[in-house]
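What the coordinates show
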Amino acid sequence: MGGVLAALAGLAVGSVAAGILGTAQTPVVAIGSAFIDRVPPWLKDLAISWFGTHDKDALRVGILIVVAALAAVGGILAVRRYWAGALITIALSGVAVAAATTRADSGQTGFLPSALAGITALIILRLFSRRLEPLLATINGNSADDGVSRRGFLQLSAGVAIGSAAIGALGRVVGGNRAAVANAREQLNLPQPPTLAPPAGVQAAGAVPWATANEDFYRIDTALSVPQIVPADWKLRVHGMVDRELNLSFDDLLKRQVIHKWVTLTCVSNEVGGDLIGNALWSGVLLKDLLEEAGPAKNADAIKSTSKDGFTAGTPLPTLLDDRQAMLAFAMNGEPLPVEHGFPVRIVVPGLYGYVSATKWLVDIEVSRFDQFEGYWTPRGWSALGPIKLSSRIDTPLGKNVEPGRVTVAGVAWDQHVGVSKVEVRVDGGPWQQATLAADPSIDTWRQWHWPWDASRGTHVLQVRAFDAKGNPQVESSAPPAPDGATGLHTVSVKVG
Ligand SMILES: Nc1nc2c(c(=O)[nH]1)N[C@H]1C(S)=C(S)[C@@H](COP(=O)(O)O)O[C@H]1N2
Ligand SMILES: [Mo]
């Protein structure tokens, strides 16, 4: 109890210190971020499949439970031997300090919140063990004032609990960066796309809409605490193997020619049939223009883009210079980028998985060569290059009670920057039947499809496959997401009647 309260007080002080210093490195964030940087890919995939996009909440809770358990042990030890409890406290905060100093975004003061948390916990643990000494003596029959010392222990507990809560509340106030960013985002007046209207799509009940709303857009990143950047403070440096280094402010960006383009983003971790994919109207400036202004060296073949929190992606230079209109995006569906989706500026490259291209909270672009660096995920077991694979998904009818008769089967198929030419569906392993494709503004988005099914009573297996623009069918053999994207046919079982 004393140990847990000491840890709580320490964590509260750590959060306030982080707020005051303007660093994201609270002790929990420091440990969590360092943990995320080191987890093996299979564990990351497991976390995503168990907790979906709540994987980070799960990690936070997990860390708190482990810290509380260790702190409780420390508290129990400290009753007999203060130094034994103190050792656990020092070890815990030591881990947090070490974690904080290894983070790219921690700056020079990133370790301070964790250090202060440790010192606070040590002091409070000492107070508890002082209070408990007389109490122990009473239990052992050496003293008579047990009422007094018991009261003293409870008073101290209440005091520490209330103090921690108050400090925690204060932490929320001084952590005002979040509010400042939210406010600046509200105030932004960005160039609007001519129309937000998506092309007429498939209207079947249960069909996933062609355009994904910002609130529904999947989120994947390594950021335990979302980087908070005020546009006025945003700077982008374009450097490396270039003729001229560029330094751009957010205003500089807005002065350039703005483009608006529908692009379907996909995560390499998306399982067959998964939902780590979304389609949005992005607004921003062409990377091609910027890079040509900087003048990439003839022998450069990649850019290394870096986020505020140290994530990096390696993207092939040709995909940024060809006609696919790779961009520095600042708006999503007519709104400034949501903070979790990279505010104020991110990269969007049609045709490449997010991990090799879609850097959020972008701050740096280095023109380079693939033999000179590795993006964040490459040394973690993922392929250096990440072109999106042709795939398709059934969205309806799923897990519903289906009546016999005419049923609309519908879904999406995608092969960004190649294009989808045909989608087929089959029932119970029977002949493949051609589905109808919805209109499509370009080859850089997914395509909706639908197929009328005369469903008979019983349990049936539906499968879908797509063909690319050149007529190549989707790969049917099953492969997991690692190292370069899942393959296989989406197969669902439907109960009719
Ligand atoms: N800064 C940063 N950018 C990032 C990532 C990240 O971890 N950090 N993850 C990438 C991955 S793996 C994907 S799939 C996309 C997801 O973008 P979204 O969260 O906006 O859907 O962002 C990419 N950009
Ligand atoms: Mo991803």
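Further up the page is the structure itself.
I will try to describe carefully the structure that is included in this document. (Residues numbered from 1 in each chain as written. Chains lettered and ligands numbered in written order. Predicted model: local features only at pLDDT ≥ 70, side-chain atom pairs only at ≥ 80, totals over all residues. Heavy atoms only, no water.)

1. So, the overall build of the protein chain
The condition is simple: Secondary structure elements are defined from DSSP: runs of H or I of at least 4 residues count as helices, runs of E of at least 2 residues count as strands, and each element is numbered from the N terminus. Per-residue accessibility, obtained with a 1.4 Å probe over protein chains only, is compared with the maximum for each type, and a residue is labelled buried under 20%, exposed over 50%, and partly exposed between these values. Note on areas: these come from Shrake-Rupley sampling with a 1.4 Å probe, and a residue is covered only by the protein chains present in the view.
Helix and strand counts for the protein chain come out as eleven helices and 18 strands. When its C-alpha atoms are laid out on the principal axes, the protein chain stretches across 90 × 65 × 40 Å. A burial count over the protein chain gives 52% of its 497 residues as buried. Accessible surface, the protein chain as shown: approximately 22,000 Å² in total, 58% of it carbon and sulfur.

2. With respect to the site of ligand 1
Basically, it comes down to this: Think of it this way: one heavy atom of a residue within 4 Å of a molecule or strand is enough to make that residue near it. Counted as a polar contact is a pair of N or O atoms within 3.5 Å, where, for protein atoms, one must be capable of donating a hydrogen and the other of accepting one, and residues adjacent in sequence contribute only when both atoms are in side chains. Gly counts as polar in this scheme, as do all residues outside two lists: the nonpolar Ala, Val, Leu, Ile, Met, Phe, Trp, Tyr, Cys and Pro, and the charged Asp, Glu, Lys and Arg.
Neighbouring ligand 1 are 19 residues, the closest being Tyr-218, Thr-222, His-341, Arg-346 and Lys-360. The backbone of Thr-222 places a nitrogen or oxygen atom 2.8 Å from an oxygen atom of ligand 1. Considering ligand 1 on its own, with 530 Å² of exposed area, one finds that the protein chains cover 99% of that surface. Of the residues assigned to the shell around ligand 1, the class counts are nine nonpolar, five polar and five charged.

3. Thoughts on the packing of helix α4 (residues 55-80) against helix α5 (residues 82-101)
Rules: Fitted lines through C-alpha atoms serve as axes, helices being fitted only where they are in contact, and the angles separating the N-to-C directions of these axes extend from 0 to 180 degrees. Oblique is the label for any angle not under 35 degrees, not over 145, and not in the 65 to 115 range, which are roughly parallel, roughly antiparallel and roughly perpendicular in turn. Note on contacts: a residue pair is in contact if any heavy atoms of the two residues lie within 4.5 Å.
Where α4 contacts α5, the two axes come as close as 5 Å, and the packing angle between them is 155°. Judged on the interaxial angle alone, α5 and α4 are roughly antiparallel. The residues of α5 that touch α4, namely those facing Val-67, Leu-70, Ala-71, Val-73, Gly-74, Leu-77, Ala-78 and Arg-80, are Tyr-82, Ala-84, Gly-85, Ile-88 and Leu-92. Residues that form the contact of α4 with α5 fall into these classes: ten nonpolar, two polar and one charged.

4. Remarks on the sheet that holds strand β11 (residues 391-396)
Rules: Two strands are said to pair when DSSP picks up at least two bridges between them.
Across the sheet, which stays open at both edges, the four strands sit in the order β11-β12-β16-β15 with antiparallel pairing between neighbours. At either margin of the open sheet sits one strand with a lone partner, and together these are β11 and β15 (436-437). In terms of strand pairing, β11 meets strand β12 (residues 405-414) through five bridges, oriented antiparallel. When the bridges of β12 are listed, Arg-393 appears paired with Val-412.

5. A closer look at the nonpolar core
Rules: Residues belong to one nonpolar core when they are buried, are Ala, Val, Leu, Ile, Met, Phe, Trp, Tyr or Cys, and are joined through side-chain atoms within 4.5 Å.
The biggest cluster of nonpolar side chains holds 82 residues, and the ones touching the most others in it are Trp-282, Leu-328 and Ile-365. Residues within four places of Ile-365 in sequence aside, it is in contact with Leu-236, Arg-237, Val-238, His-239, Leu-287, Ile-303, Lys-304, Ser-305, Leu-328 and Ile-347. Listed in part, the 21 residues of the second largest apolar core include Leu-390, Val-402, Val-492 and Val-494.

6. Description of the environment of Ala-207
Mapped onto the elements of the fold, Ala-207 is located in the loop between α8 (177-187) and β1 (235-240). Once the C-alpha coordinates of Ala-207 and Thr-408 are considered, the two residues, 201 residues apart in sequence, prove to be 9.1 Å apart. Setting aside chain neighbours within four positions, we find Ala-207 in contact with Val-202, Thr-396 and Ala-410.

7. As for the sheet that holds β1
Strands sit in the order β2-β1-β10-β5-β6 across an open sheet of five strands; the sheet is mixed. Each edge of the open sheet carries a strand with a single partner, namely β2 (246-249) and β6 (312-316). Strand after strand, the sheet turns through a mean of 15° between neighbouring axes, direction not considered. Across the sheet, helix α10 (residues 287-294) touches β1, β2, β5 (302-307) and β10 (362-368), and the angle it forms with β2 is around 140°.

8. What to know about unusual backbone geometry
The general pattern is negative phi for most residues beyond glycine and trans for most peptide bonds. Note that the residue after Phe-343, namely Pro-344, is joined by a cis bond; omega there is 5°. In this structure, Pro-483 follows Ala-482 across a cis peptide bond, with omega equal to 5°. One can find Pro-483 in the loop between β17 (458-468) and β18 (491-496). Unlike most non-glycine residues, His-417 shows phi in positive territory, near 65°. Among the secondary structure elements, His-417 is positioned in the loop between β12 and β13 (420-427).

9. Section: the packing of helix α2 (residues 27-38) against α4
To keep it simple, the criterion reads: By convention the crossing between two helices is left-handed if the near helix lies anticlockwise of the far one by an angle smaller than a right angle, and right-handed if it lies clockwise.
Axis separation between α2 and α4 bottoms out at 10 Å; the angle between their running directions is 115°. As for how α2 packs across α4, the hand of that crossing is right-handed. For the pair α2 and α4, the contacting residues are Val-28, Val-29, Ile-31, Gly-32, Phe-35 and Ile-36 in the first and Leu-59, Arg-60, Ile-63 and Leu-64 in the second. Of the residues belonging to the contact of α2 with α4, the class tally is eight nonpolar, one polar and one charged.

10. Section: a nonpolar patch on the surface
This is how the line gets drawn: Exposure above 30% relative accessible area and no salt bridge define the residues that can form patches, which grow by joining like charges within 9 Å and nonpolar side chains of Val, Leu, Ile, Met, Phe, Trp and Tyr within 5 Å. What counts as a salt bridge is simple: a side-chain nitrogen of Lys or Arg found within 4 Å of a carboxyl oxygen of Asp or Glu.
Taken together, Leu-116, Ile-119, Ile-123 and Leu-127 make up a surface patch of nonpolar side chains, about 330 Å² in accessible area. Relative to the helices and strands, Ile-119 is located in helix α6 (residues 112-139). Residue classification places Ile-119 among the partly exposed positions, given a relative accessible area of 47%.

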